[in-house]
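Geometric and topological summary
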Amino acid sequence: MALLPMIFVLVQSLIQYPQPAGDGLDEATHRRMEERQELLVHEMARLLQELEEQDKGGGAVLSGALQQWPFWVVAGVLLLVALWFTCRRRSGEASNNDVHEGEDSVDGREECMEVKVQESSDASEQRSREKEDHEGAKGESGSDGMEDREKTGYAGNEQGILLVDRIEWPVEDLERGCSVIAELMESLTRVFVDSVSNSFYPVPQEAIGVGSAFEGWSPRDWDGVYRVLVPLNPPPGHAFHLEPNSAGQVADRTFSVRVELVCTCEKEQVEEKPLCFLHHSREELRQKQKRSLLETLCTSSYLDVEKTSRWFCHLVRSSWLQVPQWHSWYVVFQPCSRSCRLELSKGRENLTVEMLFGVRRGDSDIFVVSQPTKATITASTAWAETYAVAEGKFFQHIARQLPCESLHLKCLQLFTCILRGTGFSSSTWKTVVMHVLTTVPLSRWHRRAFARRLWDIMAYLDRCLQLTHLRHFVLGNERLPAEISLPPAMRGVVPPNLFEHLARDPAAHREARQAYGRLRFRLGVLLSSH
């Protein structure tokens, strides 16, 4: 049974391998031959393993091997063909080097423990800039074990330019949706502040767009929902204190928001503020002022997510007729126990927005929010820690620094959409790309280097798979821009390993390595076809 697949692979290789017309082969042909050879060797290894498993058991091994003599004949022919193509490729490279001494070649093999990325100029006008980049990279080559030295030819640059221009890019639709949502939230926030000014409910602050849509890209598995985070400040006479829960890893922590009453006697006398909850009798407070937050949205002194969600949805409903958007948009409220979701429609245009609410950790860009990242939270007083705001600020910082402000987003778009179905989640790709952005100098993220940056990302992922270790991007990252504020304790923690499940499960690790091999082959074919 193993003979038929091998014959098919052999015939396919003979058909698809381009026959050299002379002593030299072009760069695209070299790459296709390398990828095809790797695929054939992988297929042979798999078939050999199947034969070994079928022929286990004493003397049956020899008889099984003899019965498979057609397979060994085909395998021998296949090896001879592979060796012949290898020899032709090497002779072609030698010939090209003699004739074109100054040309470069794309290696594309960054599969090593120390990820080495090599770069050289493809035209005389680029030589001075290459020298400056090389000098500037010396100070950064020690970080993360990556040396920014790349080998790339003119053909590779042209392939990258053609590909980057053909990527399906939803940026106009995303910008339109984000703009509409931002204007709506700005109008709602003004109404929110007026609505809660005479009460002791949390005070909504300016909404913050989070997620891939507000970062400028959309993975294939994006649900089409624009998400915004509405920070909540404590009302007068109250204070919020975040208490970490014991359960959960560092990267999946939850917190409880303890609500505490604080004395307002001095402000009460000077500014005619509400009565102090601590130093006035309950009877007086009941007659002269509204109930405290502890009596409305809390459970055992802790802010309750579900109670807060119901209050917030009611606040949005009552505020809708007071915003200018109600004249042109039709709104449908969707039930949700931990957020407020709206469906907006106007003619053929439809938008879905989900309003999350949360509490800021001090003055940092880290929040605890109502909506958990994983469906593991059951307690109504548990708030999940999120790094979405910090990651969004990182993407904004990168967009201001890059020569081509959307190149990194197109890399994400390619890996999560065009090369989808390879076993790696959108969050994994996002983490890998963010790490590469802090490793490869930003001056090298331009259109002509698109193919090289794709291989850089692949090389980083390969290294993480080899080590079964992918560092969390925010926690413990000392390379974050200074404009991203973290709690002091968070900068000193050991970054959690996002590939810990691969380190614990050899089968899952082996499957991930195989998925990487298939992905690498598909990327090579994709670049060769453009």
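It should be emphasised that the depicted structure is a prediction, and the values quoted were computed from it without experimental measurement. (Residues numbered from 1 in each chain as written. Predicted model: local features only at pLDDT ≥ 70, side-chain atom pairs only at ≥ 80, totals over all residues. Heavy atoms only, no water.)

This part is about the overall build of the protein chain. Across its full length, the protein chain carries 18 helices and 14 strands. Out of the 530 residues in the protein chain, the part that is buried amounts to 47%. Considering only residue pairs separated by 6 or more positions, the protein chain has 71% of its internal contacts joining residues 24 or more positions apart. When the accessible surface of the protein chain is split by element, carbon and sulfur atoms take 51% of a total near 27000 Å². (Helix = DSSP H or I, 4+ residues; strand = E, 2+ residues; numbered from the N terminus. Buried < 20%, exposed > 50% of the residue type's maximum accessible area, 1.4 Å probe, protein only. Contact = heavy atoms within 4.5 Å. Areas by Shrake-Rupley, 256 points an atom, 1.4 Å probe, with all protein chains shown as cover.)

Under the counting rule described, the total for this entry stands at eleven aromatic pairs. Aromatic pair Phe200 and Phe277: ring centres 4.9 Å apart, planes at 80 degrees, arrangement edge-to-face. Of the two residues, Phe200 is situated in the loop between α7 (171-196) and β3 (203-204) and Phe277 in the loop between α9 (265-271) and α10 (282-288); the sequence distance between them amounts to 77 residues. Across this residue pair, the class does not change: Phe200 and Phe277 are buried. Connected via pairs of aromatic rings, a cluster forms that spans Phe192, Tyr201, Trp311, Phe312, Phe357 and Trp383. When the ring centre of Trp445 is taken as origin, the NZ or CZ atom of Arg453, which lies over that ring, is 6.0 Å away. (Phe/Tyr/Trp six-rings, centres within 6.5 Å; stacked < 30°, edge-to-face > 60°. Lys NZ or Arg CZ within 6 Å of the ring centre and 35° of its normal.)

With that settled, the discussion passes to helix α18 (residues 506-528). Across its 23 residues, α18 extends 33 Å between first and last C-alpha, which sits within 8% of the 33 Å expected from 1.5 Å per residue. Capping of α18 at its N-terminal end is provided by Asp505; its side-chain oxygen lies 3.2 Å from the backbone amide nitrogen of Ala507. (Expected span 1.5 Å × (residues − 1). Polar contact = N/O pair within 3.5 Å; in protein donor to acceptor, adjacent residues only side chain to side chain.)

Counting all residues, the mean pLDDT for the protein chain is 75, and 63% of those residues have values of 70 or more. When mean pLDDT is taken per element in the protein chain, strand β9 (residues 302-303) scores highest with 96 and strand β1 (residues 116-117) scores lowest with 34. Contacts for the low-pLDDT stretch residues 8-25, under 50 throughout, to residues beyond four places or in other chains number 33 contacts. Throughout residues 57-66 the model reports pLDDT below 50, and contacts reaching past four residues in sequence, or to other chains, amount to five contacts. (pLDDT = per-residue confidence, 0-100.)

Bringing the pairing of strand β10 (residues 330-334) into the picture now. Here five bridges tie β10 to strand β11 (residues 340-346), and the two strands are oriented antiparallel to one another. For Val331, the partnering residue across the bridge sits in β11 and is Leu344. Between β10 and β11, which pair antiparallel and follow one another directly, the connecting turn spans five residues. (Pairing = 2+ DSSP bridges.)

With that settled, the discussion passes to the pattern of salt bridges. Per the counting criterion, the structure on display carries 15 salt bridges. Among the ionic pairs, Glu385 bridges to Arg361, the shortest N-O distance being 2.5 Å. Placement of the pair is Glu385 in strand β14 (residues 383-386) and Arg361 in the loop between β12 (349-360) and β13 (367-369), with a sequence separation of 24 residues. Glu385 gets classed as buried once you look at its relative accessible area, which sits at 4%. Put simply, Glu500 and Arg504 hold a salt bridge, and the shortest N to O gap is 3.3 Å. Of this pair, Glu500 and Arg504 both sit in helix α17 (residues 500-504), separated by four residues, roughly a single helical turn. Residue class for Glu500 comes out partly exposed when judged on its relative accessible area of 33%. It is possible to trace a salt-bridge network through shared partners that takes in Glu215, Glu391 and Lys430. (Salt bridge = Lys/Arg side-chain N within 4 Å of Asp/Glu carboxyl O.)

Let us now look at the packing of helix α13 (residues 407-418) against α18. Interhelical geometry of α13 versus α18 gives an angle of 115 degrees and a closest axis separation of 12 Å. Relative to α18, the crossing made by α13 is right-handed. Here α13 contributes Leu414, Phe415 and Ile418 to the contact with α18, which in turn contributes Arg522, Leu523 and Leu526. Here the contact of α13 with α18 is built from residues that sort into five nonpolar, no polar and one charged. (Axes fitted to C-alpha atoms, helices over the stretch in contact; angles between N-to-C directions. Left-handed = near helix turned anticlockwise from the far one by under 90°. Nonpolar A, V, L, I, M, F, W, Y, C, P; charged D, E, K, R; others polar.)

Take unusual backbone geometry next. Even without being glycine, Ser300 reaches a positive phi, approximately 55 degrees. Its location among the elements puts Ser300 in the loop between β8 (298-299) and β9. A residue is classified by how much of its surface remains accessible, and Ser300, at 62% relative accessible area, is exposed. Of note in the backbone geometry, Thr468 takes a positive phi value of approximately 45 degrees without being a glycine. Counting through the fold element by element, Thr468 comes out in the loop between α15 (450-467) and α16 (488-491). With a relative accessible area of 15%, Thr468 lands in the buried category.

This paragraph deals with the state of the cysteines. Tallied over the entire structure, the rule returns zero disulfides. Summary of cysteine pairing: Cys263 is not part of a disulfide, and the nearest cysteine sulfur, belonging to Cys265, is at 3.5 Å. With relative accessibility at 44%, the residue Cys263 sits in the partly exposed group. With no disulfide of its own, Cys336 has Cys313 as its nearest cysteine by sulfur position, at a separation of 7.3 Å. Residue classification places Cys336 among the partly exposed positions, given a relative accessible area of 31%. (Disulfide = S-S within 2.5 Å.)

What follows concerns the environment of Ala382. Topologically, Ala382 is positioned in the loop between β13 and β14. For the pair Ala382 and Leu303, spaced 79 residues apart in the sequence, the C-alpha separation amounts to 8.8 Å.

What follows deals with helix α14 (residues 426-437). When the terminal C-alpha atoms of α14 are compared, their 16 Å separation across twelve residues agrees well with the 16 Å that a helix rising 1.5 Å per residue should span. Among the twelve residues in α14, eleven count as buried, and that is most of the element. Along α14, the positions that sit buried rather than exposed are Ser426, Thr428, Trp429, Lys430, Thr431, Val432, Val433, Met434, His435, Val436 and Leu437. Where the residues of α14 are buried, they touch α8 (212-215), α12 (388-401), α13, α15 and α18.

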